[in-house]
Every structure is written in C-alpha cells, then in structure tokens.
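In case you want the letters, here they are:
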Amino acid sequence: MLSFYAKRSPGEEFEKIKAPLEKGVWVDCPNVTEDETKQLIKTYGLDANIVYDVRDRHELPRVEFSNSTMYVFLLVPHLANSGNVITLPLLCVVKENVFISISTGETVPPESLSLSTLPITTEQTQTL
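Residues numbered from 1 in each chain as written. Predicted model: local features only at pLDDT ≥ 70, side-chain atom pairs only at ≥ 80, totals over all residues. Heavy atoms only, no water.

A. Here's a closer look at the pattern of salt bridges. In this structure the tally under the stated criterion is 4 salt bridges. For Glu 59, the salt bridge goes to Arg 62, with nearest N and O atoms at 2.2 Å. When its relative accessible area of 14% is taken as the criterion, Glu 59 is described as buried. Counted as one network, the salt bridges with shared partners bring together Asp 53, Glu 59, Arg 62 and Glu 64. (Salt bridge = Lys/Arg side-chain N within 4 Å of Asp/Glu carboxyl O. Buried < 20%, exposed > 50% of the residue type's maximum accessible area, 1.4 Å probe, protein only.)

B. Fine view of the pairing of strand E5 (residues 69-79). The sheet contact formed by strand E4 (residues 62-66) and E5 spans 5 bridges and is antiparallel. Of the residues in E5, the one forming a bridge with Phe 65 is Met 70. Where E4 folds back onto E5 in an antiparallel hairpin, the turn is made up of 2 residues, including Asn 67, whose phi is positive at roughly 50°. Relative to strand E6 (residues 85-94), E5 runs antiparallel, the two being bridged by 10 bridges. Each residue of the ladder has a partner; that of His 78, found in E6, is Ile 86. The antiparallel hairpin formed by E5 and E6 contains 5 residues in its connecting segment, where Gly 83 sits at a positive phi of about 95°. (Pairing = 2+ DSSP bridges. Helix = DSSP H or I, 4+ residues; strand = E, 2+ residues; numbered from the N terminus.)

C. How the structure looks around the sheet that holds strand E1 (residues 3-6). On the basis of which strands lie adjacent, the open sheet formed by 7 strands has the order E2-E1-E3-E7-E6-E5-E4 and mixed pairing. Of all strands in the sheet, those with a lone pairing partner are strand E2 (15-17) and E4, marking the two edges. Ignoring strand direction, the axes of neighbouring strands in this sheet form an average angle of 25°. Two elements, E1 and strand E3 (residues 25-29), share 3 bridges in a ladder whose sense is antiparallel. When the sheet's bridge partners are listed, Phe 4 is paired in E3 with Val 27. The strands touched by helix H1 (residues 34-44) are E1, E3 and strand E7 (98-103); relative to E7, the strand with the most contacts, the crossing angle is about 160°. (Axes fitted to C-alpha atoms, helices over the stretch in contact; angles between N-to-C directions. Contact = heavy atoms within 4.5 Å.)

Structure follows, in structure tokens:
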C-alpha cells in the first residue's frame, strides 16, 4: 500500500497525508505489489528496469543514476517465518522533490524516524 508522508520542519513529526504533494513528500511502499510498482513508475517517471530489480531477493547494494534520479539499493534485515534472519532489498529513490522507499517486505515506517535527532524534512530529499 502506498503511503504519503510530509515533514516540513525538523521539529515536527512525519505526518501521514492522504494525497501526495507536488514536492516535499516521502512515498513509502512496503510490501509493494505489481500494480503499485507500475503506478510508481508511471506517476514519478522512474526507470522501470531499475525499479523492478527490487523484486530480486538476491539484488546487491548499489547506487545508480538515471535522468537526474538517484536509485539506492540497500539490504535490510527481515525475520523470516522460519525464524531465520534474511535480507530483503530496499530501494530508495531520490528525486528533486520526492523521496520514495520501495520494498517487497516490511520496512521501518517513517513515523519511527520522528524520534530521530537528525534534522530532516521531506523538503530535503537527499538528506532523507
């Protein structure tokens, strides 16, 4: 499910909003579906070949650039049903006016980051 967040000043918490803003928004996509992936690619003009790599469980961490958009692949720990810890790819897309996080599994929700002491806002996508 796509969720949209805004945080306009370092002192406030992330606010979940119903519709995306033109700029200064974090689009969070845990457990992303095929339809949501297509929607993200179309809405934000993303490179489909890069975005679909998030579905590969064996994807390696890396940074790619395409049309002034930065794509950062991370591996995040995830507790499997078997009780073992595995890693899943997390794709962070950094555009001038939007930050997008995409994963096929659960991720840390933006609300959890409000406890962070880092002075971040959704207006500064590269800081996220």
